[in-house]
Amino acid sequence: MIDYFSVKIKGDKKNSDFFFEYLDEIYKFRKENKIDFNIKNIHHFVVQTKSEFIVPLICEWLMQSPYNYEFSFIHESKRHHVLRFNDQSPDILIQENLSPEEDYIFFQNSLNPKSKVNPNIKFIGEVFEVTDLKKLDEVLTNTQKIKFQNPLPDKFYDDYIHWTNPSIYTHNCIGYKQRPNAQRTYLMDQEWNFDDESKARFKLSKDMFNNLSLNKYVLPIDHFATRIYSHDRELAILEYLTLTNYWFWGAYNIGDQNSSTNVCRNLQGDPESISPAKVFTANNTPAFLSYLDGLPCPTENFVQLYGRRLHHFALGVTDGFIGDESKNYRNVDYVVDQLKNSHMQFLDHVIGSCQEGLKQIFSKKSLHSLLITEYIQRCNEFDGFFTKENVAALTKAAGDDDLIT
Ligand SMILES: [Fe+2]
């Protein structure tokens, strides 16, 4: 277990005294109430899209990532499709809402000009495994005043997911579940199957990934990054640390893009991808002041256009190079070239270098999930998520794209 108090926080983004005061208090409370032992790691992520986008979205994940399609099921008013890398890394559940009634996602998306075009598409949140759901609920509900979508039933089925209300800072929810089996299982009303044509498309997509040898290089989710308003930054982080066993790793100021990148990590798993880092990105000053600062504000432009939401998932790429080392053709360069040849579109080129520690790139936003995929290769065990120069270039490229698409 990490001793949070002895960890030196990284980065140069300034935080208020308020932030540090409550950070310490939150860590102390977690320790005293054994929350850090009760909450374990992320079990799965949930992404919702509309029914006609389900097959193309699964194909995208199969072709661009090492995840495999496992099975589908219906539970209450939702149909879920399970993508899996292995038994340790979190699954990705692609979800469709079968109810004719509009859900809260619809209303969140209705608030912003680009999200309201596709009001059923949004990252919902991440579900954590816990040892004792009843005990956690007692502390979160009674002491910490966290609001859940439903009260925890006195008797709940195995695999029941206890969802918080959407955060007012991030619009994401956090789910908790006890894991009754060694295998990753889900509470379902019935199994559901795709038709043969869809299954053939899945096979073609996965074959393409494997035939290009991308299975040798692309790793599961490395981190996931959510975008929020500047005034919510510290509160969103403190809220996340209240709801999870993550700790605040550090924050970097990306001054010329009027932005900062703030990282929370779990670090209880080996590899860390068992519970990937969560990143929060926010403007430094609100957009309405940018005319005074003379700075661009791609981060807040995104939030104004699409609402508070998850911006990207990053997939790791194994460290190494292809061919003669002097040619400096790294694994991530190979991965991106192969995907470009398969018509995947990227923003800009691969940014950074192994001398600086890592290389990374953003894809264009998927029309089917509104999410960007990042590919990140850390060189020589670099322990970071970005360099300031890389993030500035990535932020700018994504911001330029938001203005056109
Ligand atoms: Fe990232």
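Residues numbered from 1 in each chain as written. Predicted model: local features only at pLDDT ≥ 70, side-chain atom pairs only at ≥ 80, totals over all residues. Heavy atoms only, no water.

With that out of the way, let us pick up the overall build of the chain. Scanning the chain for helices and strands turns up 11 helices and 16 strands. Taking 405 residues into account, the globule formula puts the C-alpha radius of gyration at 22 Å, and the chain, at 21 Å, falls close to it. By principal-axis analysis of the C-alpha atoms, the chain measures approximately 60 × 60 × 40 Å. Taking all 405 residues of the chain together, the buried fraction comes to 58%. Residue pairs at least 24 apart in sequence account for 69% of intrachain contacts in the chain once pairs closer than 6 positions are excluded. Taking the 44 positively charged and 55 negatively charged side chains of the chain as two groups, their mean positions are separated by 1 Å. (Helix = DSSP H or I, 4+ residues; strand = E, 2+ residues; numbered from the N terminus. Rg over C-alpha atoms; globule rule 2.2 N^0.38 Å. Buried < 20%, exposed > 50% of the residue type's maximum accessible area, 1.4 Å probe, protein only. Contact = heavy atoms within 4.5 Å. Lys, Arg positive; Asp, Glu negative; His and termini not counted. Charge placed at Lys NZ, Arg CZ, Asp CG, Glu CD.)

Now for the sheet that holds strand β2 (residues 68-75). Strands sit in the order β6-β7-β5-β1-β4-β3-β2-β8 across an open sheet of 8 strands; the sheet is mixed. Two strands lie at the open edges of the sheet, namely β6 (162-163) and β8 (190-192), each paired on one side alone. As paired elements, β2 and β8 share 3 bridges and run antiparallel to each other. Directly across from Ile74, in β8, lies its bridge partner Gln190. Seen against the sheet, helix α3 (residues 54-64) touches β2, β3 (78-84) and β4 (91-97) and runs at an angle of roughly 170 degrees to β4. (Pairing = 2+ DSSP bridges. Axes fitted to C-alpha atoms, helices over the stretch in contact; angles between N-to-C directions.)

Between helix α1 (residues 17-32) and helix α7 (residues 233-243), whose axes approach to 10 Å, the crossing angle comes to 5 degrees. Classed by the angle they form, the pair α1 and α7 counts as roughly parallel. On α7, the residues touching Phe18, Phe19, Tyr22, Leu23, Ile26, Tyr27 and Arg30 of α1 are Glu234, Leu235, Ile237, Leu238, Leu241 and Thr242. Residue classes in the contact of α1 with α7 are distributed as 10 nonpolar, 1 polar and 2 charged. (Parallel < 35°, antiparallel > 145°, perpendicular 65-115°, else oblique. Nonpolar A, V, L, I, M, F, W, Y, C, P; charged D, E, K, R; others polar.)

Here the focus is the coordination of the iron ion. Around the iron ion, the donor atoms from the protein are His223 (NE2), His312 (NE2) and Glu374 (OE), and they sit 2.0 to 2.2 Å away. Taken in chain order, the donor set of the iron ion reads H-x88-H-x61-E. Here the residue His223 occupies a position in strand β9 (residues 218-228), and Glu374 occupies one in strand β16 (residues 372-378), the gap between them amounting to 151 residues. By relative accessible area, which is 2% here, Glu374 ends up buried. (Donors = N, O, S within 2.8 Å, 3.2 Å for Na, K, Ca; no water.)

On to the sheet that holds strand β14 (residues 346-353), then. A sheet is described by the order of its strands in space; here 8 strands give the open sequence β10-β11-β12-β9-β13-β16-β15-β14, paired in mixed fashion. For this open sheet the edge positions go to β10 (247-254) and β14, each flanked by a neighbour on one side alone. Neighbouring strand axes in the sheet, compared pairwise and without regard to direction, differ in orientation by 20 degrees on average. By the bridge criterion, 6 bridges tie strand β11 (residues 259-265) to strand β12 (residues 277-283) in an arrangement that is antiparallel. When the sheet's bridge partners are listed, Ser259 is paired in β12 with Asn283. Contacts from helix α9 (residues 298-306) reach β9, β11, β12 and β13 (309-317), with the element oriented near 80 degrees to β9.

What is shown is where atoms sit, not what they do.
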